[in-house]
Amino acid sequence: MSESMIEFRKEFFADERDDRLNEIGRPTRRQDILGHVTGRSPFYDNHLFQGLLHMRCARSPHHAARIR
Amino acid sequence: MPRKPVTFTLNGAAQAAFTEDGQNLLDLLRRGVGDLTPKYGCGQGGCGACTVLIDGEPHLSCLVLAETVEGRRIETAAGLAGASLHSLQEAFMDHFAAQCGYCTPGMRMAAKALLDRNPRPSRAEVVEAISGNLCRCTGYEPIIEAILSVAEGGGRR
């Protein structure tokens, strides 16, 4: 993270900042962000496996209709 | 179902695949080719998560018929990082411009198209460029800041 960004964000943490600490009160990069910016983070739609079932909703065109 | 061969360039490499009848480009990329970086969001062209570049122009791949990309040049987020990260990716990391990360690949492709076309965009032009991409967690401000920081000289404000 660039120095200017750290300076800019310091004001957000002004009341709890302590320059002797390495992490507390300092902006830090998210741990999962590398996957996000490269598009490699897995999401639910990445999963495709053998025997995967698909469903589709069929909704009743009538209230309180009887299924026959 | 009839299958049709289609050949195109994906991130600089020649690619050949079969398209199903009526298959969209997003499905071809994700299921057919295995490039999972474009995301399936709404499937209706509303969210921009599936944005890819076709011949340098941003397109919503869920609305592009796969067989129409014959011979064209497609870029996805997978091609953005070479040996090192693209400057846009560094900027997104530095500016907290991703939270869940689902909109991020689409955002970045839209941003890349803008910066390729106009290396010094104004803030309004950045907003216009990503207006087709929805983000539901980070908010747009960090994303706009990230893109402006990559623009030459920090961009015109």
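Model, not experiment: these values are computed from the prediction.

So, how was this worked out
Residues numbered from 1 in each chain as written. Chains lettered and ligands numbered in written order. Predicted model: local features only at pLDDT ≥ 70, side-chain atom pairs only at ≥ 80, totals over all residues. Heavy atoms only, no water. Helix = DSSP H or I, 4+ residues; strand = E, 2+ residues; numbered from the N terminus. Buried < 20%, exposed > 50% of the residue type's maximum accessible area, 1.4 Å probe, protein only. Areas by Shrake-Rupley, 256 points an atom, 1.4 Å probe, with all protein chains shown as cover. Phe/Tyr/Trp six-rings, centres within 6.5 Å; stacked < 30°, edge-to-face > 60°. Core = buried A, V, L, I, M, F, W, Y, C linked by side-chain atoms within 4.5 Å. Contact = heavy atoms within 4.5 Å. Expected span 1.5 Å × (residues − 1). 1 Å grid on protein atoms, 1.4 Å probe; cavity = no way out; pocket = protein on both sides within 12 Å on 5 of 7 lines; lining within 4 Å. Points joined across faces, edges and corners; volume = space filled by probe spheres on them. Buried area = accessible area lost by both parts, 1.4 Å probe. Salt bridge = Lys/Arg side-chain N within 4 Å of Asp/Glu carboxyl O. Polar contact = N/O pair within 3.5 Å; in protein donor to acceptor, adjacent residues only side chain to side chain. Nonpolar A, V, L, I, M, F, W, Y, C, P; charged D, E, K, R; others polar.

A. Local environment of the overall build of chain A. A tally of helices and strands in chain A yields two helices and zero strands. Of all 68 residues assigned to chain A, the portion counted as buried reaches 22%. Counting only carbon and sulfur atoms, one obtains 53% of the accessible surface of chain A, whose full area is about 6400 Å².

B. Representation of the packing of aromatic side chains within the structure. Per the counting criterion, the structure on display carries one aromatic pair over all chains. Where Phe-43 of chain A meets Tyr-102 of chain B, the ring centres are 4.6 Å apart and the plane angle is 85 degrees; that geometry is what we call edge-to-face. A residue pair is termed interchain when its members come from two chains, as with Phe-43 of chain A in the segment after helix H2 (33-38) and Tyr-102 of chain B in the loop between helix H2 (87-94) and helix H3 (104-117). Taking relative accessible area as the criterion, Phe-43 of chain A reaches 15% and is therefore assigned buried.

C. Examining the nonpolar core more closely. The biggest cluster of nonpolar side chains holds 23 residues, and the ones touching the most others in it are Leu-88, Phe-92, Met-107, Val-126, Ile-130, Ile-143 and Ile-147 of chain B. At the level of secondary structure, the elements contributing two or more residues to this core comprise H2 of chain A together with H2, H3 and helix H5 (140-150) of chain B. In this view, Leu-88 of chain B contacts Arg-108, Ala-111, Lys-112, Leu-115, Ile-147 and Val-150 of chain B; residues no more than four positions away in its chain are not counted. Of all hydrophobic cores here, the second largest spans 13 residues; its members include Val-6, Val-64, Ala-66 and Ile-74 of chain B.

D. Expanded view of H3 of chain B. In this model, H3 of chain B (14 residues) spans 20 Å end to end at C-alpha, consistent with the 20 Å of a helix rising 1.5 Å per residue. Counting buried positions along H3 of chain B gives twelve out of 14 residues, so the element sits mostly inside the fold.

E. Fine view of the layout of surface pockets. One number sums up the size of the largest pocket: a volume of about 200 Å³. Around the largest pocket sit Gly-41, Cys-42, Cys-47, Ala-49, Cys-100, Tyr-102, Cys-103, Leu-134, Cys-135, Arg-136 and Cys-137 of chain B, which together line it.

F. Up close: the interface of chain B and chain A. Counting residues at the interface gives 23 residues for chain B and 22 residues for chain A. For the pair chain B and chain A, the two sides together bury roughly 2000 Å², of which 56% comes from carbon and sulfur. Contact with chain A buries surface across chain B, with Arg-31, Met-93 and Phe-96 of chain B losing the most and accounting together for 31% of the total. In this structure, the connection of chain B to chain A is made through four salt bridges. Between Arg-29 of chain A and Glu-90 of chain B there is a salt bridge whose closest N-O contact spans 3.1 Å. Summed over the shared surface of chain B and chain A, the number is eleven residue pairs in polar contact (both at pLDDT 80 or more). Contributions of two or more residues to the side of chain B that touches chain A are made by helix H1 (25-33), H2 and H3 of chain B. If you tally residues by element for the side of chain B that touches chain A, the top one is H2 of chain B, at five residues. Split into classes, the residues belonging to the side of chain B that touches chain A amount to eleven nonpolar, six polar and six charged.

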